[in-house]
Amino acid sequence: MWGDRHMLEQFILVIATLVGAPLAGGLLFGIDRKITARLQGRYGPPVIQPFYDFFKLLGKEHIAVSRLQFIWIYGYLVFMVVSLIFLVLKSDILLLVFLLGFAGVSLVLGGFSTKSPYAHFGANRELLQIMAYEPVLLLFAIGIYAQNGSFLISEIFKQDKPLLFSLWPLFLAVLYVLTIKMRKSPFDIATSHHGHQEIVKGVTTEYSGPYFALFHLAEWYEIVLLLGIISLFWANPLWVGILIALVAFLLELLVDNIAARMTARWMVRLSWSIGLLLGVINIAYIYLTKGVS
Amino acid sequence: MGLMQTSRVKSPWILHFDNSSCNGCDIEVLACLTPLYDVERFGMVNMGNPKHADILLITGPVNRRTARVLKNLYNQVPDPKVVVAVGTCASTAGVFHNCYNVLGGVDKIIPVDVYVPGCSVRPEAIIDGVVMALQKLASL
């Protein structure tokens, strides 16, 4: 069914993703730091600052606290990359959500494999974050199934009408998930980007040198993956979707700068009440209007 | 300069530790992060975690209680690292030099690379000190 040519195209696509996604993700984080600085009345670091940080971390000594934590950080990176590849190959969105869950769990286990109480606190909170966003992402996958009759991402690209029209409540819920996944205020909870006094650096406290660089690399893949998921809402033509995703990214930066850090319990409560409610109503409405097939 | 060295100079992450300072120098260290001085434009970030830090900014004289903590923090910072003693007290123990509980400057406990004198240190002097530390870091 699939010719050699098709295979070759897919292979090239995967290689381009492996190389291009970190570049794009690093730049996005650089833009993030620049815009955040401007919003705070500062000049800010250069846009390529995340790459400086990355290479510096690669050159540093790594202090091993537990050998297991290195396996888990590799797991976090690999699962994140694989789920991104699922997205670019237009594979199954449901499996993608599960792989994303595995990636999150790897990070949590990495935190638990050390003896630092700060890493444990961070890992607990990361678990709460997974609890908060995973059901919403699952509902998103089910919503796509309800609309298209298939979990395949390639099916989304075949539809003329963008998903945003029928799934706009889920779009709002996924925007909310983006804030949780980016670990930005008000959900700056598990890694404590800004509140060092509270739990140092949360789940990443015990990672140093090259392994902390790997964490950054995984985060770069993650942001590209999340923006890719958001751009699925307007897959035809895709550039509109990418534009929507970039606007969503800028919106997150604004929210990060105007919001205070909130507690993990508040996050779960809000995510389950509003996110799940939006998702369930959305899917129920689709089934009511289309009928269960 | 190679890629690694350029990155090292462009991305100094700072750990700020207060031994038993009067808090004068600490306020000036934090002033460096404000919009007026904005050290983040040089890539400097206040980390708060020794395992992610490159530069130790240490204020205040070492006393008998903080010596152990200071040594521990120094050992937790991965190589390559540099130590900057910020203020007269951190450099020589200053006015506290003959207190019964004070051991002396930071260099009595850990090796210091850059001394920044002043009571309290001005933010410009701290930035100068860190830039000197970066030159040392580039040569490591």
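Quick notes on the rules
- Residues numbered from 1 in each chain as written.
- Chains lettered and ligands numbered in written order.
- Predicted model: local features only at pLDDT ≥ 70, side-chain atom pairs only at ≥ 80, totals over all residues.
- Heavy atoms only, no water.
- Helix = DSSP H or I, 4+ residues; strand = E, 2+ residues; numbered from the N terminus.
- Pairing = 2+ DSSP bridges.
- Contact = heavy atoms within 4.5 Å.
- Axes fitted to C-alpha atoms, helices over the stretch in contact; angles between N-to-C directions.
- Buried area = accessible area lost by both parts, 1.4 Å probe.
- Salt bridge = Lys/Arg side-chain N within 4 Å of Asp/Glu carboxyl O.
- pLDDT = per-residue confidence, 0-100.

Chemist: Help me out: how do you make sense of unusual backbone geometry in this one?
Modeler: Among all residues except glycine, the phi angle is most often negative; among peptide bonds, the trans geometry is most common. Residue Pro237 of chain A follows Asn236 of chain A across a cis peptide bond; omega there is -5 degrees. With respect to the helices and strands, the residue Pro237 of chain A is situated in the loop between helix H10 (210-231) and helix H11 (238-258). Of note, the amide linkage connecting Cys119 of chain B to Ser120 of chain B takes the cis form, showing an omega dihedral of -10 degrees. With respect to the secondary-structure elements, Ser120 of chain B resides in the loop between strand S7 (114-116) and helix H5 (123-139). Positive phi outside glycine occurs at Lys90 of chain A, with the angle close to 55 degrees.

Chemist: Before we go on, may I ask you to explain the sheet that holds S7 of chain B in this structure?
Modeler: Residue and element names in this part refer to chain B. If you walk across this open sheet you meet the five strands as S2-S1-S3-S5-S7, and the pairing is parallel. Where the open sheet ends on each side, the last strands, each with one partner, are strand S2 (45-46) and S7. Summarising the sheet, strand S3 (residues 55-59) and strand S5 (residues 82-86) pair through five bridges and their orientation is parallel. By the bridge assignment for S5, Leu56 is matched with Val83. Running over the sheet, helix H3 (residues 66-76) touches strand S1 (13-18), S3 and S5 and is turned about 170 degrees from S1.

Chemist: Mind showing me how you'd approach the interface of chain A and chain B here?
Modeler: You'll often see interface size given as the accessible area lost when the parts meet. The interface of chain A with chain B comprises 31 residues on the first partner and 30 residues on the second. Taken over both partners, the interface formed by chain A and chain B buries close to 2400 Å², and the fraction arising from carbon and sulfur atoms is 56%. Among the residues of chain A in contact with chain B, Arg42, Lys56 and Lys60 of chain A are the three that bury the most area, contributing 25% of the side total. Connecting chain A to chain B are six salt bridges. For Arg33 of chain A, the salt bridge goes to Glu40 of chain B, with nearest N and O atoms at 2.9 Å.

Chemist: Honestly, the side chain of Ser231 of chain A in this entry has me stumped. Any pointers?
Modeler: Looking at where Ser231 of chain A falls in the secondary structure, it is placed in helix H10. Setting aside its immediate chain neighbours within four residues, Ser231 of chain A contacts Leu238, Gly241, Ile242 and Ala245 of chain A.

Chemist: I'm lost on the confidence of the model for chain B in this one. Help?
Modeler: The predicted structure's coordinates, where accompanied by low pLDDT, should not be read in detail. Per-residue confidence for chain B gives a mean pLDDT of 87; residues scoring 70 or more make up 99%. Two summary scores accompany this predicted model of the complex, namely pTM at 0.88 and ipTM at 0.86.

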